[in-house]
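A look at the structure
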Amino acid sequence: MITPPTTRSDGTVVSFRQASKSYGTGPGAVHALDNIDVDIRQGEFTAIMGPSGSGKSTFMNVAAGLDDVSSGGVFVDGQPLHTMDDTARTLLRRRRIGFIFQSFNLVPTLTVTENITLPFRLAGQQITQDEQHWIDHLVRVLGLTERTGHKPAELSGGQQQRVAIARALAARPAIIFADEPTGNLDTRSSGEVLRLMRSAATEYGQTIAMVSHDPIAASYADRVLVLADGRIVADHGRLDAQQISGLLLTAEGVVA
Ligand SMILES: Nc1ncnc2c1ncn2[C@@H]1O[C@H](COP(=O)(O)OP(=O)(O)OP(=O)(O)O)[C@@H](O)[C@H]1O
């Protein structure tokens, strides 16, 4: 029996309850997620780490409603993803979930402003005055004021990722999933992007879950979850990069 959905009133944004995801059956089955129980709380910046094949992408895809669990439950914003049909999940994703990708995923033919407001247009939503103030504020703090009329190809990688951050924050989603957000950036731009994500959590209470292989990136997070063989093998508060490297080496040992 799956524990009833948690609600936002207890500060939980994502809950996994005995959640498993398997590919195939019988002895050859792969348990990409194996009986996961975890809560991600409001305003928390969580890094999800682990060796290759440990289940990080599956964890994120399941939490974002892009993939289904084989058993157990996943709740987002108090809503049970595992009992919703595809249409309901797509709507929830559009309204309540933001994404930041390694490859930025901006629309090349649209300007910075048009990219940032695209989620509203896709959802058929008019931008209210309050939302417009929030977007203007984001454009300012993300250092994009001079770039609003530019197309992505006219921007550096770091600037493109800042546009993607603005786009993700614009709709004030319940959670932002970031998949290796600094994977295509140099050290300086990576630091900039991570500091911006850090301050989005601290200053705006934005919940962020970031998949990363990089201990330095994860050192910006409030919490470090380490997966190995589809299980959570470590769950810590803020750590420095060296401590995180140590955790990862231990997790590799679990897999070996
Ligand atoms: N569609 C699929 N069919 C079969 N097996 C799959 C499928 N997707 C993932 N897997 C398996 O599930 C396990 C977890 O995969 P997942 O992609 O979640 O790992 P990961 O930690 O994100 O890996 P990486 O760091 O290499 O991206 C792996 O053993 C993978 O081979």
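Residues numbered from 1 in each chain as written. Predicted model: local features only at pLDDT ≥ 70, side-chain atom pairs only at ≥ 80, totals over all residues.

- The chain is annotated in an unreviewed UniProt entry as ABC transporter ATP-binding protein from Flexivirga endophytica.

1. Describing the sheet that holds strand 5 (residues 79-80)
- Within the open sheet, the four strands sit side by side as 2-1-4-5. Their pairing is antiparallel. Every interior strand has two partners, whereas the edge strands, strand 2 (30-41) and strand 5, have only one.
- As judged from the eight bridges shared by strand 1 (residues 12-23) and strand 2, these two strands associate in the antiparallel manner. Its bridge partner lying in strand 2, S15 is registered against D39. (Pairing = 2+ DSSP bridges. Helix = DSSP H or I, 4+ residues; strand = E, 2+ residues; numbered from the N terminus.)

2. A short note on the environment of T113
- Within the secondary structure, T113 sits in helix 3 (residues 112-122).
- Linking T113 and H150, residues 37 residues apart in sequence, is a C-alpha distance of 8.4 Å.

3. Quick word on the packing of helix 5 (residues 157-170) against helix 6 (residues 187-204)
- Here helix 5 crosses helix 6 at 15°, and the two axes come no closer than 9 Å. Classified by the angle between their axes, helix 5 and helix 6 sit roughly parallel to one another. Here the hand of the crossing between helix 5 and helix 6 comes out right-handed. Two secondary-structure elements touch here, helix 5 through G157, G158, Q161, R162, I165 and L169 and helix 6 through S189, E192, V193, L196, M197 and A200.
- Residue classes in the contact of helix 5 with helix 6 are distributed as six nonpolar, four polar and two charged. (Axes fitted to C-alpha atoms, helices over the stretch in contact; angles between N-to-C directions. Parallel < 35°, antiparallel > 145°, perpendicular 65-115°, else oblique. Left-handed = near helix turned anticlockwise from the far one by under 90°. Contact = placed C-beta atoms within 7 Å. Nonpolar A, V, L, I, M, F, W, Y, C, P; charged D, E, K, R; others polar.)

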